[in-house]
Amino acid sequence: MPIIESVLNETRVFPPNKEFSEHANISNIAEYRALCMQAQEDYLGFWEKQAREHILWHKPFTRVLDEANPPFFKWFDDGELNISFNCLDRHLTTQPDKTAIIFESDDGQVIHSTYRDLHQRVCQFANALKSLNICKGNRVVIYMPMCIEAVVAMQACARIGAIHSVVFGGFSAKSLHERIKDAGAVAVITADEQVRGGRNNPLKATVDEAIARGGTESVKSVIIYKRTGANISIEATRDVWWHEIIQNENTVCEPEWVNAEHTLFTLYTSGSTGKPKGVQHSSAGYLLGTIISMHWVFDYKSTDIFWCTADIGWVTGHSYVTYGPLAVGATQIIFEGTPTYPDAGRFWEIIQKHKVTTFYTAPTAIRSLIKLGPDLPEKYDLSSLRLLGSVGEPINPEAWIWYYNKVGRAHCPIVDTWWQTETGSHMIAPLPGIVPLKPGSCTLPLPGIFAAIVDETGHDVETGEGGFLVIKRPFPSQVRTLWGNPERFKETYFPIEMGHGRYYLSGDSANCDQDGYFWIMGRIDDVLNVSGHRLGTMEIESALVAHPLVAEAAVVGKPHEIKGESIIAFVVMKDQCPQGTAAIQIVNELRNWVAKEIGPIAKPDEVRFGDNLPKTRSGKIMRRLLRTLAKGEEITQDTSTLENPAILDQLQQAIK
Ligand code: 6R9
């Protein structure tokens, strides 16, 4: 099967499914257009209505948008609310006994938690946080496996107004350390171990290692959720057990009412420089984005069993596990394990077992499951499914078609949702049952989202011409700033040449066809998308050059069948270029080194050695040449500005 084909040659169109549109929340294209028109004509009125309708306000707002200091926009900023109240308390009178979370562990055990139970757990844990002197505005790092407690931890922070910063459980001690330090966290919430794919991985030991790296004096408590009962070391003055600190706490906790603009969380993501950015989100605007997308894009119904497979360590797990589904009162699945354990039918088995209606996953997972068992879905009863979703990277049309036919049995619409950590919630996505689908296109912007494609001067490009994907008007769920770095926020997302510094620059390139459909082409900066995870090439390069034997390194991406992109590292050693078995040994060492520095997801797939890197006379590394070399293609580009053309031959050679 040709996996990465040019989406621009894609001409198939899948008309809306009548059966679906009859019951859809937005039931026809005219309604969609009317919403878009409302937003166009009365932008503030449009958002005001949404915010009043979907959010429970403790104190209603009187101002919709404050644009006095662009790009530091504020939404609904004299209103007060609490996010956990909006996700839990609001359901206590209407549906306390409805299951909020169905948790399935790696080895297949199932735990149900109702809205009443979840509320009590959150209150109790929130009280425990308060007893540890954690209060509004404090930062709390969460480094946990997928479990009910992880959601409880996030919701409890929101309840007391503490700012959570979740770090993906697959990140290394070094990455965790950087994030704890940058956030100035007062506490870290973790588990003894994480269980995935039949393997136990230490989490607490990694937290110990991260804190021991120093500069983390702000951390006063480490809270440990006992998952496996593994032997771990306990620092008596700092470490406490989750089950012990909640023991005597009340299961009622008055929410801390916060301003609409109060920071709900920060989440670190890769950018084009070495240091991850602490993307900072608001309370009300962010919540609103997650709620309306649950209704519009996921067409949420109270009978749904919703399953977003993303880890809470990524934004998708924030918006479509912890916040969106709970705010609308859904029943959702949280799965601890991996798609391939005990076998590649695990996802299909879970869908069958829990009668999942709405399934949201990433193209990388779909591609790996195609490879492992193209016909496996047929062995399961997937008739409960009514809607499929995709997120994280462009989905190639062939994977789309397989997903549509084999998983969705040709009757479930696929919502290909384009958005980012920085946008907080869906931006471009089809309204299911309404918008005709084109495999590989995320289709049309949501009402109120003014997405456009512009050139480097910020002017609209001609239809069909590629360019920078921007959003021209501020929207409620957008990033507010970068933690501790407002200057970098401005430069990165609101460069002056883009609409006088008012367009949000996404960092993606895209194309828009004659029907107004968006086709995402990839990143314009040095960011790789590996298995739907954003990794900066600079991050990996800094990790490589931190190795005592490495003098210089350049990292590029290369299209990969399953992962979307694979990581190719070009390395110059301080000593001579290694050869033969020595080279293989060093490659292994470097790969493990990067895994330790950043996390296993950042391991280079290939390493190539050279005496130098291709550079211009002014010393700039010519990355486009490296990309061509990585793909194994002939160099046809102009190399006249290259200082050292001989180096190219040497770099052809890959050591896997
Ligand atoms: C939600 C999330 C964001 C980057 C984004 C883009 C890529 C995400 C996509 C997509 C094509 C889609 N991306 N969804 N590309 N089609 N449906 O993934 O956030 O981790 O911040 O990554 O992912 O390149 O800029 P995040």
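Because the structure is predicted, anything quoted here is derived from the model rather than measured.

J.: Help me understand the overall build of the chain in this model?
T.: Within the chain one finds 19 helices and 30 strands. Against the 2.2 N^0.38 benchmark of 26 Å for 656 residues, the chain shows a C-alpha radius of gyration of 24 Å, consistent with a compact globule. Taken along the three principal axes of its C-alpha coordinates, the chain extends 75 × 65 × 60 Å. A separation of at least 24 residues holds for 71% of the contacts in the chain among residues at least 6 apart in sequence.

J.: I tried to follow the packing of helix α7 (residues 173–183) against helix α8 (residues 204–212) on my own but got confused; where do I start?
T.: Axes are the key here: two packed helices are described by the angle between their axes and the distance separating the axes. Between α7 and α8, the shortest axis-to-axis distance is 8 Å and the interhelical angle comes to 60°. As the angle between them shows, α7 and α8 are arranged oblique. The crossing of α7 and α8 is right-handed. Contact residues: Ala173, Leu176, His177 and Ile180 in α7; Thr206, Val207, Glu209, Ala210 and Ile211 in α8. Broken down by class, the residue content of the contact of α7 with α8 amounts to 6 nonpolar, 2 polar and 1 charged.

J.: Looking at this structure, how should I read the sheet that holds strand β24 (residues 504–512)?
T.: The strands that make up a sheet pair up through hydrogen bonds in the backbone, lying either parallel or antiparallel. Pairing within the open sheet is antiparallel, and its 4 strands lie in the order β21-β22-β24-β25. Edge positions in the open sheet fall to β21 (451–454) and β25 (518–523), since each of these has one partner strand only. The mean inter-strand angle of the sheet, taken between neighbouring strand axes irrespective of direction, is 45°. The sheet contact formed by β21 and strand β22 (residues 467–471) spans 4 bridges and is antiparallel. The partner of Ala451 across the bridge, within β22, is Ile471.

J.: I keep staring at the UniProt feature "binding site: ATP" (unreviewed entry) in the chain and nothing clicks. Help me out?
T.: Under the local residue numbering, the UniProt record ascribes the feature "binding site: ATP" (unreviewed entry) to Gly392, Glu393, Pro394, Asp416, Thr417, Trp418, Trp419, Gln420, Thr421, Asp508, Arg523 and Arg534. For Asp416, the location among the structural elements is in strand β20 (residues 414–416). Apart from the residues within four sequence positions on either side, Asp416 is in contact with Ser390, Ile395, Ile428, Ala429, Pro430, Gly440, Ser441 and Cys442. Examined against the element boundaries, Gln420 turns out to sit in the loop between β20 and β21. According to the relative accessible area criterion, Gln420 is buried, its value standing at 5%. Apart from the residues lying within four places of it in its own chain, the contact partners of Gln420 are Val315, Tyr504, Ser506, Asp508, Arg523 and Arg534.

J.: Which parts of the structure should I look at to understand the confidence of the model for the chain?
T.: Fine structural detail should not be taken from predicted coordinates in areas where pLDDT scores are low. Taken residue by residue, the chain gives an average pLDDT of 94. The fraction at 70 or more is 98%. Ranking the elements of the chain by mean pLDDT puts helix α19 (residues 647–651) last with 85 and helix α6 (residues 148–160) first with 99. Scored below 50 in pLDDT, residues 1–5 makes 11 contacts in the model with residues more than four places away or belonging to other chains. Prediction confidence for the complex, expressed as pTM and ipTM, is 0.92 and 1.00 respectively.

J.: How do you make sense of helix α13 (residues 363–372) when you look at a structure like this?
T.: Every α-helix winds through 3.6 residues per turn, so residues three or four apart in the chain are directed the same way. Burial analysis of α13 places 8 of its 10 residues in the buried class, the great majority of the element. Residues of α13 that are buried in the fold lie against α12 (346–354), β18 (358–361), β19 (387–390), α14 (397–407) and β29 (564–573).

Cut-offs used in this document
Residues numbered from 1 in each chain as written. Predicted model: local features only at pLDDT ≥ 70, side-chain atom pairs only at ≥ 80, totals over all residues. Heavy atoms only, no water. Helix = DSSP H or I, 4+ residues; strand = E, 2+ residues; numbered from the N terminus. Rg over C-alpha atoms; globule rule 2.2 N^0.38 Å. Contact = heavy atoms within 4.5 Å. Axes fitted to C-alpha atoms, helices over the stretch in contact; angles between N-to-C directions. Parallel < 35°, antiparallel > 145°, perpendicular 65-115°, else oblique. Left-handed = near helix turned anticlockwise from the far one by under 90°. Nonpolar A, V, L, I, M, F, W, Y, C, P; charged D, E, K, R; others polar. Pairing = 2+ DSSP bridges. UniProt positions renumbered as here; feature names shortened; annotations may be inferred. Buried < 20%, exposed > 50% of the residue type's maximum accessible area, 1.4 Å probe, protein only. pLDDT = per-residue confidence, 0-100.

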